[in-house]
Amino acid sequence: MARLLNTFKFYLGRLGRVGAVGALLIVASLVYDTALVRPREAALSEQILHNEQARKKAAAQRERLAQTGADATGQPALAPAAAAALRRLFAAADMAGLELDQGEYRLTEVKEAHLRRYQLSLPVYGAYPDIRAFVAQALNADPALALTAMQLRRDSIETIELDALLNFTLYLEAGA
């Protein structure tokens, strides 16, 4: 052991201070490469493999949804007749000066009648004449639309604005 240490000192002395610092930097870079870089390269290759698998899975899911005619949420694609009816409903809301910010839409199929039934729950906030004008315009614009429920709520007797929950049902043929 002492002989090895003496040999090391001899060669280190021949390198001088600048050579010793250079040798120390080489050893430090080898330790850094072994301790940090190589494990991270392995983790990176593993992450790239995981990303590729996720990309393939997403592409397969998009293809499956395209074949079944469903949208990204897994719901069946909206029929053109239903989309046109919804456009008329939103146009009636605009004409009445109301905004339909959110709503709940459900599709049910009535097999024995060969019908599709879209149930729409729309929360609306506005004055009573505006809400009434919206409902009248929506029902006149689309004969397949029915008002199934209307809930009106006012915070106090003095307020003009109402909170309304309007439940519509849109009846369409099964093929439409």
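Anything mentioned here points back to the structure above.
Notes on the structure in this doc start here. (Residues numbered from 1 in each chain as written. Predicted model: local features only at pLDDT ≥ 70, side-chain atom pairs only at ≥ 80, totals over all residues. Heavy atoms only, no water.)

**Quick word on the overall build of the protein chain**
Step number 1: Within the protein chain, the regular secondary structure consists of three helices and four strands.
Step number 2: The helix and strand sequence of the protein chain, counted from the amino end, reads α-α-β-β-α-β-β.
Step number 3: Counting across all 176 residues of the protein chain, residues that qualify as buried make up 20%.
Step number 4: For the protein chain, contacts bridging at least 24 residues in sequence account for 58% of all contacts bridging at least 6. (Helix = DSSP H or I, 4+ residues; strand = E, 2+ residues; numbered from the N terminus. Buried < 20%, exposed > 50% of the residue type's maximum accessible area, 1.4 Å probe, protein only. Contact = heavy atoms within 4.5 Å.)

**Quick look at the side chain of Asp-142**
Step number 1: Mapped onto the elements, Asp-142 comes out in the loop between helix H3 (128-141) and strand S3 (145-153).
Step number 2: Since its relative accessible area comes to 6%, Asp-142 is described here as buried.
Step number 3: One polar contact links Asp-142 to Arg-88, side chain to side chain, over a distance of 3.1 Å.
Step number 4: Setting aside its immediate chain neighbours within four residues, Asp-142 contacts Ala-85, Arg-88 and Leu-170. (Polar contact = N/O pair within 3.5 Å; in protein donor to acceptor, adjacent residues only side chain to side chain.)

**Thoughts on the pairing of strand S1 (residues 104-110)**
Step number 1: Direction of pairing for S1 relative to strand S2 (residues 115-127): antiparallel, over a ladder of seven bridges. In the sheet register, Glu-104 faces S2, and the bridge partner there is Ser-121.
Step number 2: The hairpin turn running from S1 into S2, its antiparallel successor, is four residues long, and His-114 in that turn takes a positive phi close to 55°. (Pairing = 2+ DSSP bridges.)

**Observations concerning the packing of helix H2 (residues 80-96) against H3**
Step number 1: Where H2 meets H3, the axes come as close as 8 Å, and the angle between the chain directions of the two elements is 150°. In terms of orientation, H2 and H3 fall into the roughly antiparallel class. Where H2 crosses over H3, the handedness of that crossing is right-handed. Of the residues in H3, those touching H2 at Arg-88, Leu-89, Ala-92, Ala-93, Met-95 and Ala-96 are Asp-130, Ala-133, Phe-134, Gln-137, Ala-138 and Ala-141.
Step number 2: When grouped by side-chain class, the residues that make up the contact of H2 with H3 number nine nonpolar, one polar and two charged. (Axes fitted to C-alpha atoms, helices over the stretch in contact; angles between N-to-C directions. Parallel < 35°, antiparallel > 145°, perpendicular 65-115°, else oblique. Left-handed = near helix turned anticlockwise from the far one by under 90°. Nonpolar A, V, L, I, M, F, W, Y, C, P; charged D, E, K, R; others polar.)

So far we have only geometry, and geometry alone does not tell us how the molecule works.
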